[in-house]
Amino acid sequence: MKTLSYLFLILILLTAVNFAQNLSPIPTKEGTRFFYKSDQAFEVFSVAVAGQFNGWDAKANSMSLNDTTNIWSTTINIQTGIEYHYKFVINDTLWITDPNAPNVTEDEWRNGIIIAQKFGAPFVISIHPAQSRRVEEIPELKILLGSNEAKIDPNSISLLFNDAPINFSFDEKKSVVTAILDSSITDGEHKIFIAFADKKRNVNERFISKFFLDRFIHDIVTPTFYDSAVMYEIFIRTFYDSDKDGIGDFNGVTKKLDYINILGANVIWLMPWNESTTVHGYNVVDYYSIEKDYGTFDDYFNFLKEAKNRNMRVIMDFVINHSDSTHPFFLDAYKNPKSKYSDWYQFTNDENSNWRHFGIERKMPKFDFENPEVQKYFLDNAKFWLDPNGDGDFSDGVDGFRCDAAKEVPHRFWSVFRKEMKAINPEVLLLGEVWDNAFFLIPFFKEEFDMLFDYPLFYAMEDYFGERNLSEIPERINEMNEIYPSGYQMTRFLSNHDNHRAISFFDYDIKKLKQANFLLFTLPGMPMIYYGDEIGKSGKLPPENVRQNMNWNEAQKQIDNEESLFNFHKNLIELRKQFPTLWKRDDSKNNSLEFLNDKNEKILAYLRFDEESQFIILVNNSGETVKGNLELFFQNNIIELKNRIEITYTNVDQSSLNANAFNFLEQKNGEVKIKNVILDNGDFYLLRLK
């Protein structure tokens, strides 16, 4: 027989060693075959596969049940070599993670990850540690191999660890490669390479997987300027059009610097400004260019000069995981394996006609950062934007990089990137976009980034304001302090160009919007405002709905209205500047934040403190009014508090408050009692203790 029978394949998978993912997807002649065996407590009458390869359509790829094995299965013809996310859909409504997925995203969605392998060639069924997984101790390598044609040839196996040969054993009966790693290996990213063939000479020439070893947490040094900073994100194309051609430009941003200055933001993150084929700019065709729609280099340099004259710092959107498919390097290599750029991209066939790309965007081919030439190209490019003429004067360069899709680029590159950028300018900000949970973010602080976008807090906000879950925000922030190195920084936000606008995120509930902003500006970290959110600009995904033109008529009206949303944001920024205690770092070595539990589980409360000042923050999102004495308990460290209270900031008209309201605090054995509280739903207070 030329191929193993279906049942024999299943038998191999079911009897594999226990680290193996028993019903993992496998390549077949017709495509990739998915399997599911129910362990549900209810009757399963339908199963389907939904993923990026079918537009997440729960009806496009239904599974069939084998009555003998009780295993559901289906075959889907998906492109080999491309990473896709997917889920199983049970009974048309229940979306679950494939329990035998080769890998799983570590975000809140927990999608399965599949990279389809070529039929006929032998393949990797599973690998331990799994692709991109973080481990806290030196693991034993285990790789389960499979083939459709014949058994694996032991003499064909080549195993490299970090590009060097490593000793291994091979169990022919179980088809498992095992290797013991040296105890001297360092923390950081490690690469596994395996090539092998079956006994009919079908060859798998290359399978690469990486994991991150993280046994120790080291302190990191990050630029202190951003502890007290406020960032403002701008989409140049839709911000301000200076020449009336219908497109925003650098001169337009320059003309509106005073507006940003009035608001109080002092860090500007500009979405991509390199020449691109798309309006959003993330399909770069020239990494050393200025998008012609945005103006000239002279316009750009003038913008930098004017921003820095106002003590504003400028962050560049650094998009290096992928280029556009019309980039000259890609065009030279497309269907041209002899091109000098053939190894710059992740082509998946000998003809260079298929390639790995970013998500489902085929027009975003991914660079191959295993190639030292690719690494050098982007290191040189970053140095150019940091200091274009190389004279050590950074007035003509950017102050930092917002690194797009950072988890798509190898850790080892970011480690080198940090060393080389900091050698040029120690104050450069390295900000990573890693859209994932707190534990997945850990390695990116390890000699890589100064700061990451705080997606864990973003989703905790959603949970608190949507479900009134009081514990989620404290748990996420306390968790970060436990697992991140001292010195870490976070960008904290309610909206950006990839998410609903802030007011739409809260379903136009202005009370919740104000409460959420109040939290951002009284918690540690750098708050970020997405252009237009400060005037209540609305919009829900898809992205084109959240990247629309700034309304300057509305902005001017709000500047002149003391009660406007613009002035609400401005006042919060001024409050933060007035009281440095509110922006002090809080990490494993710098304590400035303690959460307090409300005995009646109604109020979100926390303490901000330093040697100079003490503040208690109270937020009522309970849906009801809280009256009387408020009894709070320290979660962690008990701190001696002053007992007199001054209402420093609130959404409530203070003239309407009872003269005795919030006037006294008692503390005993970790319990804090604030007397005469009246907190309506939607209220928030900043109480200064004296």
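Residues numbered from 1 in each chain as written. Predicted model: local features only at pLDDT ≥ 70, side-chain atom pairs only at ≥ 80, totals over all residues. Heavy atoms only, no water.

Visitor: Explanation requested: the overall build of the protein chain in the structure shown.
Guide: Helix and strand counts for the protein chain stand at 15 helices and 38 strands. Compactness check: the protein chain gives a C-alpha radius of gyration of 28 Å against a globular reference of 26 Å for 690 residues, within 12% of the reference. Looking at the protein chain as a whole, 58% of its 690 residues qualify as buried. With 74 positive and 101 negative side-chain charges, the protein chain shows a spacing of 2 Å between the two charge centroids. (Helix = DSSP H or I, 4+ residues; strand = E, 2+ residues; numbered from the N terminus. Rg over C-alpha atoms; globule rule 2.2 N^0.38 Å. Buried < 20%, exposed > 50% of the residue type's maximum accessible area, 1.4 Å probe, protein only. Lys, Arg positive; Asp, Glu negative; His and termini not counted. Charge placed at Lys NZ, Arg CZ, Asp CG, Glu CD.)

Visitor: Hey, could you run me through the sheet that holds strand β14 (residues 164-165) in this one?
Guide: The strand order across the open sheet built from five strands is β11-β18-β17-β13-β14, with neighbouring strands paired in mixed fashion. Either end of the sheet is taken by a strand with one partner, and the two such strands are β11 (133-135) and β14. Where strand β13 (residues 158-161) and strand β17 (residues 188-197) come together, four bridges link them in antiparallel fashion. For Phe161, the partnering residue across the bridge sits in β17 and is Ile192. (Pairing = 2+ DSSP bridges.)

Visitor: Any chance you could explain the packing of helix α13 (residues 510-522) against helix α15 (residues 565-578) here in plain terms?
Guide: At a minimum axis separation of 10 Å, α13 and α15 run at an interaxial angle of 20°. The orientation of α13 relative to α15 falls into the category roughly parallel. Helix-helix and strand crossings are classified by hand; for α13 and α15 the assignment is right-handed. Facing Ile510, Leu513, Lys514, Asn517, Phe518, Leu520 and Phe521 of α13, the residues of α15 in contact are Leu565, Phe568, His569, Leu572, Ile573 and Arg576. (Axes fitted to C-alpha atoms, helices over the stretch in contact; angles between N-to-C directions. Parallel < 35°, antiparallel > 145°, perpendicular 65-115°, else oblique. Left-handed = near helix turned anticlockwise from the far one by under 90°. Contact = heavy atoms within 4.5 Å.)

Visitor: Would you take a moment to explain the pattern of salt bridges for this structure?
Guide: Between side chains of opposite charge, a pair can form when the charged atoms approach closely. All chains considered together, the criterion is met by 39 salt bridges. Measuring nitrogen to oxygen at the nearest pair gives 2.7 Å for the salt bridge that ties Glu370 to Lys191. You can see Glu370 sitting in the loop between β25 (361-365) and α7 (372-386) and its partner Lys191 sitting in strand β17, a full 179 residues away along the chain. Given the relative accessible area of 24%, Glu370 is considered partly exposed. Across the salt bridge formed by Arg418 and Asp450, the nearest N and O atoms sit 2.9 Å from each other. One end of the pair, Arg418, is in helix α8 (residues 411-424); the other, Asp450, is in the loop between α9 (438-441) and β28 (451-453), with 32 residues separating them in the sequence. Asp450 matches Arg418 in its accessibility class, with the two residues each being buried. One continuous salt-bridge network, built from bridges that share partners, spans Arg134, Glu136, Asp187, Asp214, Arg215 and Lys446. (Salt bridge = Lys/Arg side-chain N within 4 Å of Asp/Glu carboxyl O.)

Visitor: Hey, could you run me through the pairing of strand β35 (residues 645-650) in this one?
Guide: In regular strands, side chains alternate between the two faces of the sheet. Counting buried residues along β35, five of its six residues qualify, which places the element largely inside the surrounding structure. The pairing of β35 with strand β38 (residues 684-689) spans five bridges and is classified as antiparallel. Paired with Ile645 across the strands is Leu689, a residue of β38.

Visitor: What is the right way to look at the nonpolar core in this model?
Guide: Across soluble globular proteins, nonpolar side chains have a tendency to be buried as a group. Formed by 138 residues in total, the largest nonpolar core has its most connected members in Tyr232, Trp273, Phe401 and Phe417. At eight residues, the largest contribution of residues to this core is made by helix α10 (residues 455-467). Residue contacts for Phe401: discarding those within four places in its chain leaves Ile315, Met316, Phe318, Ala382, Trp385, Leu386, Phe417, Met421, Val428, Leu429, Leu430 and Leu431. Counting 27 residues, the second largest nonpolar core, distinct from the first, contains Ile616, Val626, Phe634 and Leu679. (Core = buried A, V, L, I, M, F, W, Y, C linked by side-chain atoms within 4.5 Å.)

Visitor: How should I be thinking about α10 in this particular structure?
Guide: A turn of α-helix holds 3.6 residues, and therefore any two residues three or four places apart point the same way. Between its terminal C-alpha atoms α10 stretches 18 Å, which fits the 18 Å expected from 13 residues at 1.5 Å a residue. Of the positions making up α10, those classed as buried are Tyr455, Pro456, Leu457, Phe458, Tyr459, Ala460, Met461, Tyr464 and Phe465. If you check the start of α10, you find a side-chain oxygen 3.0 Å away from the backbone N of Leu457, and it comes from Asp454. Positive backbone phi, approximately 60°, marks Arg468, located one or two places after α10. (Expected span 1.5 Å × (residues − 1). Polar contact = N/O pair within 3.5 Å; in protein donor to acceptor, adjacent residues only side chain to side chain.)

Visitor: Help me understand the sheet that holds strand β15 (residues 169-171) in this model?
Guide: The strands making up a sheet associate through hydrogen bonds between their backbones, and the pairing can be parallel or antiparallel. Pairing is antiparallel in the open sheet, where four strands are placed in the order β10-β12-β16-β15. Edge positions in the open sheet fall to β10 (123-128) and β15, since each of these has one partner strand only. Taken pair by pair, the neighbouring strands of this sheet meet at an average axis angle of 20°, ignoring direction.

Visitor: Looking at this model, I keep getting lost on empty space enclosed by the protein. Mind explaining?
Guide: Any empty space left between atoms is shown by rolling a water-sized probe over those atoms. Using the criterion set out here, one finds five cavities of 30 Å³ or more in the structure. In this structure, the largest cavity encloses a volume near 150 Å³. Lining the largest cavity are 17 residues, with Tyr488, Gln489, Pro524, Gly525 and Asp586 sitting closest to its centre. Residue assignment for the lining of the largest cavity shows that the elements contributing at least two residues are α11 (472-483) and β29 (489-493). If one sorts the elements of the lining of the largest cavity by residue count, β29 sits on top with three residues. Partitioned by chemical class, the residues of the lining of the largest cavity number nine nonpolar, three polar and five charged. (1 Å grid on protein atoms, 1.4 Å probe; cavity = no way out; pocket = protein on both sides within 12 Å on 5 of 7 lines; lining within 4 Å. Points joined across faces, edges and corners; volume = space filled by probe spheres on them. Nonpolar A, V, L, I, M, F, W, Y, C, P; charged D, E, K, R; others polar.)

Visitor: What is the right way to read unusual backbone geometry from this model?
Guide: Trans peptide bonds make up the majority, and among non-glycine residues the majority have a negative phi. Residue His128 is joined to Pro129 through a cis peptide bond whose omega torsion reads 0°. Tracing the sequence through the fold places Pro129 in the loop between β10 and β11. Leu541 connects to Pro542 through a cis peptide bond whose omega is 20°. Following the sequence through the fold, Pro542 ends up in the loop between β30 (526-530) and α14 (552-559). For Lys244, which is not glycine, the phi torsion reads 60° and is therefore positive. Along the polypeptide, Lys244 turns up in the loop between α2 (236-239) and α3 (250-255).

Visitor: Explain the packing of aromatic side chains here, please?
Guide: Within a pair of aromatic rings, the relevant descriptors are the distance that separates the centres and the angle that separates the planes. Summed over the entire model, instances satisfying the criterion amount to 80 aromatic pairs. Residues Trp269 and Phe453 carry aromatic rings whose centres are separated by 5.4 Å and whose planes lie at 50° to one another, so their mutual orientation is tilted. Linking Trp269 in strand β20 (residues 267-270) with Phe453 in strand β28, this pair joins segments that are 184 residues apart in sequence. Judged by relative accessible area, which is 1%, Trp269 ranks as buried. Taken together, a centroid distance of 5.3 Å and an interplanar angle of 65° make the contact between Phe413 and Trp414 edge-to-face. For the pair Phe413 and Trp414, a shared accessibility class is recorded, and that class is buried. Above the ring of Tyr240, the side-chain terminus of Lys256 is found at 4.6 Å from the ring centroid. (Phe/Tyr/Trp six-rings, centres within 6.5 Å; stacked < 30°, edge-to-face > 60°. Lys NZ or Arg CZ within 6 Å of the ring centre and 35° of its normal.)

Visitor: What should I look at first to understand the side chain of Asp587 in this one?
Guide: In this fold, Asp587 is placed in the loop between α15 and β31 (593-598). A distance of 2.9 Å separates a polar atom in the side chain of Asp587 from the backbone nitrogen of Gly487. Of the polar contacts made by the side chain of Asp587, one reaches the backbone nitrogen of Lys589; its length is 2.9 Å. Among residues more than four places away in sequence, those in contact with Asp587 are Asn481, Ser486, Gly487 and Tyr488.

Visitor: Explanation requested: the pairing of strand β18 (residues 203-213) in the structure shown.
Guide: Taken together, the three bridges between β11 and β18 define a ladder with parallel strand orientation. Note that in β18 the partner of Val135 across the bridge is Leu213. Relative to β18, β17 is paired through nine bridges, and the arrangement is antiparallel. Opposite Phe193, over in β18, you have Ile208 as the bridge partner. Where β17 folds back onto β18 in an antiparallel hairpin, the turn is made up of five residues, including Arg201, whose phi is positive at roughly 70°.

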